[in-house]
Structures are given as structure tokens and as C-alpha cells.
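Chain by chain, the residues:
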Amino acid sequence: MAQSVPAAEPAEKHERLAWRTWVPWTLVVIAAVIGLVSGLNVWVKRQALSSDNWANASSQLLENDKVRNALSIYLVNQVYQNVDVAKTLEQRLPPRAKGLAKPLAAGLQGTAVNAVDAVLARPRVQQLWKEANRRAHRLFMAVLNGKKGVLVQSGGNVVLDLRPILKQLGQQTGLGGRLEGRLPPDAGQIVIMKGNQLGTARSAVKVVRALSYFLFFLTIALYAAAIWIARARRRRILLGAGVSVLAVGLIVLVVRRFAGEYLVNALTTNTDDKHAVSASWAIGTQLLRNVGFNAVIYGVGIIFAAWIAGPSRAATWSRRSLAPTMRDHPAIIYGAVAVALFLVLLSGPTDAQRIFPLLILFAFAFVGTEVLRRQTLREFPA
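Residues numbered from 1 in each chain as written. Predicted model: local features only at pLDDT ≥ 70, side-chain atom pairs only at ≥ 80, totals over all residues. Heavy atoms only, no water.

### Describing the overall build of the protein
Put simply, the test is: Helix numbers and strand numbers start at the N terminus; a helix is a DSSP run of H or I with at least 4 residues, a strand a run of E with at least 2. Relative accessibility under 20% of the residue-type maximum defines a buried residue, over 50% an exposed one, and the middle range a partly exposed one, all with a 1.4 Å probe and only protein chains included. Residue contacts are counted whenever heavy atoms from the two residues lie within 4.5 Å of one another. For accessible areas, the Shrake-Rupley method is used with a probe of radius 1.4 Å. Any residue's cover is judged against the shown protein chains and nothing else.
Secondary structure assignment for the protein yields 15 helices and two strands. For the protein, the residues scored as buried account for 38% of the 382 residues in total. In the protein, the proportion of contacts linking residues at least 24 apart, taken out of those at least 6 apart, comes to 79%. When the accessible surface of the protein is totalled, it reaches about 22,200 Å², and 63% of it is carbon and sulfur.

### Here we look at helix α13 (residues 313-328)
The condition that has to hold: By definition here, a helix of n residues has an expected span of 1.5 Å times n minus one. Fitting axes to the seven residues that end at a residue and to the seven that start at it, the angle between those axes gives the bend at that residue.
For α13, built from 16 residues, the straight-helix expectation of 22 Å at 1.5 Å per residue is met to within 8% by its first-to-last C-alpha distance of 24 Å. At leucine 322, α13 shows its maximal bend, which comes to roughly 45 degrees, and the proline proline 324 appears one to four places after that position. Within α13, burial applies to Ala315, Thr316, Ser318, Arg319, Ala323 and Met326.

### With respect to the pattern of salt bridges
Selection rule: Salt bridge criterion: a side-chain nitrogen from Lys or Arg within 4 Å of a carboxyl oxygen from Asp or Glu.
Under the counting rule described, the total for this entry stands at seven salt bridges. Among the salt bridges present, the one from aspartate 65 reaches arginine 68, with a minimum N-O distance of 2.8 Å. A residue pair is termed a helical-turn pair when its members lie 3 or 4 positions apart in one helix, as aspartate 65 and arginine 68 do in helix α3 (residues 65-82) at three residues. Two residues, aspartate 328 and arginine 327, come together in a salt bridge whose shortest N-O distance is 3.8 Å.

### Focus on the packing of aromatic side chains
Definition in use: Only Phe, Tyr and Trp rings take part, Trp by its six-membered ring, and two of them pair if their centres are within 6.5 Å. Stacked means planes under 30 degrees apart, edge-to-face means over 60, and tilted covers everything else.
By the definition in use, this model includes four aromatic pairs. Centroid distance tyrosine 334 to phenylalanine 366: 6.1 Å. Interplanar angle 40 degrees. Geometry classified as tilted. Of this pair, tyrosine 334 sits in helix α14 (residues 330-347) while phenylalanine 366 is found in helix α15 (residues 355-379), placing the two residues 32 residues apart along the sequence. The exposure class assigned to phenylalanine 366 is partly exposed, which follows from its relative accessible area of 29%. Taking the centre distance of 5.4 Å and the plane angle of 85 degrees together, the rings of phenylalanine 342 and phenylalanine 362 count as edge-to-face. You can see phenylalanine 342 sitting in helix α14 and its partner phenylalanine 362 sitting in helix α15, a full 20 residues away along the chain. Using a relative accessible area of 15% as the deciding quantity, one classes phenylalanine 362 as buried.

### Points about the environment of leucine 139
With respect to the helices and strands, the residue leucine 139 is situated in helix α6 (residues 123-144). Exposure remark for leucine 139: the relative accessible area of 18% places this residue in the buried category. Considering only alpha carbons, one finds leucine 139 and serine 51, 88 residues apart in sequence, at a separation of 9.8 Å.

### Some remarks on a nonpolar patch on the surface
What counts is decided by this rule: Patches were defined on residues exceeding 30% relative accessible area and lacking a salt bridge, with like-charge contacts within 9 Å and nonpolar side-chain contacts (Val, Leu, Ile, Met, Phe, Trp, Tyr) within 5 Å.
On the surface, Val29, Val33 and Val37 cluster together to form a nonpolar patch covering roughly 260 Å² of accessible area. Positionally, valine 33 belongs in helix α1 (residues 8-48).

### Quick word on the nonpolar core
The following threshold applies: Remark: nonpolar core denotes a set of buried residues (Ala, Val, Leu, Ile, Met, Phe, Trp, Tyr, Cys) joined through side-chain atoms within 4.5 Å.
Core analysis: the biggest nonpolar cluster contains 21 residues, and Leu27, Val28, Leu222, Tyr223, Ala226 and Ile237 have the highest contact counts within it. Among the elements of the structure, α1, α9 (198-230), α10 (234-267) and α12 (286-308) are those that each provide at least two residues to this core. Per-element accounting of this core gives the leading share, seven residues, to α1. Setting aside its immediate chain neighbours within four residues, valine 28 contacts Tyr223, Ala226, Ile237, Gly240, Ala241 and Ser244.

### So, the environment of alanine 306
Along the polypeptide, alanine 306 turns up in helix α12. Taking the C-alpha atoms as reference points, alanine 306 and glycine 368, 62 residues apart in sequence, are found 9.7 Å from one another. With sequence-adjacent residues up to four places away left out, alanine 306 is seen in contact with Arg235, Leu238 and Leu239.

In C-alpha cells form, the structure reads like this:
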């Protein structure tokens, strides 16, 4: 009598292996979402928590014509609010012309804006502006790091002190002595953050710092886990990972573009002010743009790696052509990969804080090259 085999066994085996199909793709999607959050977190950390990046961005702001014009208007308004320009002109005019003091003061306001704009374009004044922003940011970070007593002179607020620039303005307009004596203590001081907002800022900074590297490594770990679980479908999962990284980069660039437009329209309806706000947003989010561009470059690189290991005719021909070199002169292959990586590094947007992620990128590139070399040698032996 023949022994029967349970028919349910193949179905149970198929169910046990089915998770290897959907789990890797789920991990890729989760990694992409976390990668997007990680990219935004990296931008906030580099831009908001680095005094050097903050000072460099502020320097670029003053070099921009639209922003410089808006600042010129603010500084001239500060002078007119704290000094009676009409009275000053009246004291200098002859008796018959004293009645023209007020019209002249009003007419000179526009001329003063142009003069201040020219002064702000000078390297010395731009350096004062940069140092004022650096001092304000260092004060801000000192407060967030828990140092006490640093906000006594600023009334408990984090302020951007433009008084040195106002003094330069007074010297250029001939109001130096009068301006020096009549400026109130808070003239030219822009409040960046009030004292009652610092508690929330401290909590936010702690979260940003804690998530900075954790999210990055979690994203890498999820992609690695997805590729490891896939086994026979690893190349396909690698291709999906590359597409997801590319999509994250494009999303960051799109969000930067449309968020900037929304912010500009929400802050002001004046056309001239819109130009200044738009320029400020573009300069302040340069590092975010770099994050997006870098993600696009990494995604394209991963897609290329998945393609060249695939079954297409072009990929197979490439591996067959490279097989002798990979077998007899592997150093040439690794050298070519290193040169390609350095070219990407030199041509793409970068900054000093990308060194650690770049080391990880280089490590993955060389590991992937070795995997491809072994695959090629198995397919095309000597």
C-alpha cells in the first residue's frame, strides 16, 4: 500500500518563505521615511547649531542685494527714530533756510538708504555683521547648553547687536557724535529669541542632537536588513533601496522649493520684502539643498550598482569585459572606484560635517565592488 505525502506541506513551506518577499520591501519603505526625517534633522543640526555655518550664512545674506537693501532701510529707520534729523539740519542751515529742514530730512531718508547700502557692501562692515551674528549664535548656544549669567546684559533675551554697524553709519552720515549720545540701549538690537522661549528651545536641541546619528544608523541598518533577508531577491531590493534614496532627495528639494514660496507669501505681501525674504530662505536652506542633492547622487549610485550586477545584456557585457581586469588586476578596479568617488565628492555640494557619512559611503562602495568582482569571476572564470 503506497504511503501518501501530506499535500499541505508545500503550502506551509511557501507560507514560511513568503515573509521574505514582503518584509524586505516594508523595511525599505520604513527606511525611506526615516531617511527623510534624518535628512531634515541633519539640516537643522548643521544650520541652527553650528556657529560657523550660521555666521557664513549671515555673511552671504549681507552680500545679497535684496537683503542688504532691506537691512539698510531698517538701519536708517533706527537713526530717524532715535535722532531728530530735521532739528540737526535746522541747526546747520542759515536762518532763511531753516524752514526747509523737515522737507530736506524727509527727502534725505531715501538718499541715506542708498548711502547705507553702499556702506554695508564694504568688507569691513560685512565683517562686523558676520561677527555680530557669530556672537549672537554663540550666546544662544551657551544658553542652550545651560551656562548661566550670559543673558544679563541682554535682558534675558538672545539678541543680534547691530550697534557697531549703526556707529559706522553715524560716522558716514556725519551724525556720529549726536548718534552716539542719543541711541537708547536697545537701538539696533534685534531679538532672536525671548527668555521665556528658551526652555522649549533647549528641549528641541536635545532631541535634534540625540536623533542626529541615531536616525542615520537606523536608516542604514534597515536597508542592510532588507537586503540580507531578501536572499535570492537581493539585487531587486538593492535597486528598490536606490530608488527610495533618490526619491527622498527629490522630496527634500521639492519641499525646500514650495515651503520657501509658502513662507514668503505668509510673511509679507510687499514685493520688495518678498525678494529679501526669498533670498534669505534660499541662503538659509543651502545646507538642506545639499542634503537633497547628496541623496540624489547616492540614490543614482545605488541604482547603478544594482543595474551592473543584473541580467541585462549591457550589464552582462560590462561584467564580461571587466572580468580579466577584475581577475588579474583588481587594484585597477578599486582605484577606478576611488577616483569616481572623489570626483563625486569634489563636484557635489559638501561641507566638513559630511566626512563621517562619506567614510561610510566609501566603505559600502568598496564592499559592493568586491561583491561584484566575485560575482563576475563566478560567471566568467579564466
